[in-house]
Structures are given as structure tokens and as C-alpha cells.
Amino acid sequence: PHPSASSRDVSPARQRTSGVMRLTKLVLTLLLLGLAGQAACQEDDYGEDDFGGGGGYGEEEEEEDPPPAPAGDGAARELSSVADLEAFMDDNDASVVGAFLEKEMPDPAAVMPEDWDEDEDGTWEAPVVTNPELAAFNSIASSLYNYRFAFSAAPDVLAKLKSKTGGLYLYRSPKFLSAEHGDKPRERFPSTKLSESAVRNWLNSKAQPLVGLYSSSTKERYSGATLVVFFNLDFAKNAKGVSYVLKRARKAAAKLKGKLAVAVASSTDLSYELGDYGLPTDKPNTILMGISAGGQYYAPADGAAAFSGDTMSEFARAFLAGELTPYEKPEPEPAAGGGDEDLSDSDDDYGGGDEDDEYKDEA
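Residues numbered from 1 in each chain as written. Predicted model: local features only at pLDDT ≥ 70, side-chain atom pairs only at ≥ 80, totals over all residues. Heavy atoms only, no water.

## What to know about the sheet that holds strand β12 (residues 296–298)
Within a beta sheet, neighbouring strands are joined by backbone hydrogen bonds and run either parallel or antiparallel to one another. Where we set the bar: The rule for pairing is simple: two strands pair if DSSP sees at least two bridges between them. Starting at the N terminus, helices and strands are each numbered in turn, a helix being any DSSP run of H or I of at least four residues and a strand any DSSP run of E of at least two. To obtain an axis, a line is fitted to C-alpha atoms, over the contacting stretch when the element is a helix, and the angle between two such axes runs from 0 to 180 degrees between their N-to-C directions. Only heavy atoms enter the contact rule, under which two residues are in contact if any of them lie within 4.5 Å.
Pairing in this open sheet of five strands is mixed, and the strands run β8-β10-β9-β11-β12 from one edge to the other. Across the chains shown, the open sheet's two edge strands, defined by having one partner strand only, are β8 (211–213) and β12. Taken over all neighbouring pairs, the strand axes of this sheet differ in orientation by 30° on average, direction set aside. The sheet contact formed by strand β9 (residues 226–231) and strand β10 (residues 261–266) spans six bridges and is parallel. Considered in β10, the bridge of T226 is made with A261. Seen against the sheet, helix α8 (residues 239–256) touches β8, β9 and β10 and runs at an angle of roughly 160° to β10. Sitting on the sheet, helix α10 (residues 309–320) touches β9, β10, β11 (288–293) and β12, and the angle it makes with β11 is about 25°.

Here is the structure:
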């Protein structure tokens, strides 16, 4: 069909106006799309972080529970079998084991509602809760993180523990235990009621054998003066060396009981402490000795003397007789090029001064 007369008569000016309007609409549409995209990006920035968690300006997603922490840092491990028990106790440090007849039980504090009707509501039963004794045990374990805790309600584990009524047991490390010198393999907490302070005091007084491990997690158990032997404490790679030191340390400790505690430590693990005694830190294969007492540190008067039962006994005697002087660390030397310098113009040297003040004003 032929175009109508009205369409043929449209002026060039009106055509230009129509084109400008179409172009304006297109520009506005593109601007709106751009703003919408920017808003969506901002929502993504604040809605979810790089670690999968919720942002700070919206509703946070529920986080998953973290995996249970390993024993020794505040978490009590559950022992499901005798094999678990034996593996747990085969350690350089003491093992604390809680034995419970059941993990869960009817809430002993629950009371049946007064208007409970057995015909309508059925037989009343108390809600099942965690055994209150186990809950108290777990709370204590989370506080005393320098000890290794485990628990069990498995019948075969309780039979291995010879625990008919449950209880709290301390097993000293089999690697440092010496029945010859009177060390008992285990102790039982003397009460059925557990409290953090009572358990802490009991463990601190009972956990260490005659000659035990001195480490970052056990040092607080040695509250009095302690003679520490630093050496290559590796039962696998230095078995004969460990046996040699332990035999002589136990012989000396038996005579010093009640006067001076004796312990052994890894010179590698506690290398950062050797400097407190004035001992060399670059001789990991040398047997060294030091005494810690009331925040002061002592080394043998003849630091070059080789370790032996006699030198150890003489070191202890000299300390108890007051013949030793505590080691004092020398003051650190000033850095090269140090000294009293006028730092009044240091701001200018690094671009500070008035420009910084102007920047602060603007901020």
C-alpha cells in the first residue's frame, strides 16, 4: 500500500526531534542498567565474604560447627575401645581419663508437671540430658588445656580401667615412669564431685613422676626450685642417650626429694629458654643443666664440665648451699650507627610536616 498523505508530509525537523527522543530513551535505559549492575555488585560485596560467611550489613548465614579440637588443647577425646585407651596413654605426658557409666541419662532435676494426666498425656518421662558428671568433666577439660583429657562410657574400656562405678583417673606417662623409684602408674581422684580448682590442684601435685618432662605445657607443675637437664630427648632416635640421662637423674632425684625437683627437657623444643640460664644455644647434642627457682636461673659454676651423676649431684649441692649466683642477661648492644640523634626533622625527611597537617585537616 502507498503511504498516507500525513506520513509523506512529515517535516525534517519533526524527524530530527523524534530521533533525538529515541536516542535519549536509549541513553536513559543504558544508565539505568548500569546503576542496577553497580547496586548488585555492592550487594555481593556486603552480602558474602571471601570465606563463605555473611557480610556485616545483612543477615548472617548459620555457620557450621568447627571440627573437634585434638586432645591437649582443651578438648576431651572420647575413647570407644581399649585400643583407643592404650594409644591415648602412650604419650610423653600424663593422661587424664574420665570413666562414666552412661553418657546420657534422664534429667535428674526434671519434675513432672502438676497437671500431667497419664490418661491423656501418657506415662511421664524426664527429658534425656548429658550426664551431669560428664558435663562437669568436659567443662574442666576445656579450662585445663595444659593437660590431656579423655573419657569413655564403653563397657570394655571401663573394665580395662577396673572402674565399676566410674571416676576420674590420672595415668602418669609410661615413658618416664619408674616403679623402681616409687612411681605409681595411676591415681584416682578422691571425690565423686568434680570442681575445676580441686582437679587442678590434684593434677599439679600428682601428674609428674620422680623425673618427668619439663616443657611449655608442664613447667607450671613445677612450682618450686627445679633442676632441668636439657638434651636430645628423642626416644626413637636417641634411646640409649635418654636411658643414660634418666637413670642418673632418677638416682640424684631420689636423694633430693623434698629439696629440689628434677626434670628433663628437649634442648631443641626449649632452645629459647637456654639463654635464660646462660647456657649455649648452638649445642643441641650436648647435655646441659640449669636450675630455675623463683624467676631466677642458675648454671653450673663450671659450665664446661661434662654431664654425669657426680656433676649433677655437685650442681644440686652447690645450689642448696647458696654457693651459686643467678645468671643475669647482658643488656642488648645498641644497633650499628645508633646513638642520640636529633629526630626533630624526621617528619620532613619522610614527607611529613605541613603537608601531613593539611592532610589530617582534610581527613
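## Re empty space enclosed by the protein
We apply this condition: The distinction between a cavity and a pocket rests on a 1 Å grid over the protein atoms alone: a 1.4 Å probe fits inside a cavity but cannot get out, while a pocket stays open yet meets protein on both sides within 12 Å along at least five of seven lines, and a residue with an atom within 4 Å of a point counts as lining. Grid points are joined across faces, edges and corners, and a volume is the space filled by probe spheres set on the points. For this classification, the nonpolar set comprises Ala, Val, Leu, Ile, Met, Phe, Trp, Tyr, Cys and Pro, the charged set comprises Asp, Glu, Lys and Arg, and every other residue, Gly included, is treated as polar.
Throughout the structure, instances matching the rule amount to one cavity of 30 Å³ or more. Taken as a whole, the largest cavity encloses approximately 40 Å³ of empty space. The wall of the largest cavity is formed by N92, D93, A94, S173, F176, A207, Q208, P209, G212, L213 and R221. Of the residues contributing to the lining of the largest cavity, the split by class is five nonpolar, four polar and two charged.

## A few points about the nonpolar core
Quick note on the threshold: Within this scheme, the nonpolar core is defined by two criteria: the residues are buried Ala, Val, Leu, Ile, Met, Phe, Trp, Tyr or Cys, and they are joined through side-chain atoms within 4.5 Å. Only protein chains enter the accessibility calculation, which uses a 1.4 Å probe. A residue is then buried if its area is under 20% of the maximum for its type, exposed if over 50%, and partly exposed in between.
Membership of the largest hydrophobic core comes to 29 residues, with the highest contact counts inside it found for V211, L227, V229, V264 and M312. Mapped onto this core, the elements with two or more residues apiece are β8, β9, α8, β10, β11 and α10. The residues contacting V229, other than those within four sequence positions of it, are V245, A263, V264, A265, I287, L288, M289, F307 and M312. Of all hydrophobic cores here, the second largest spans 18 residues; its members include A94, F137, F149 and A207.

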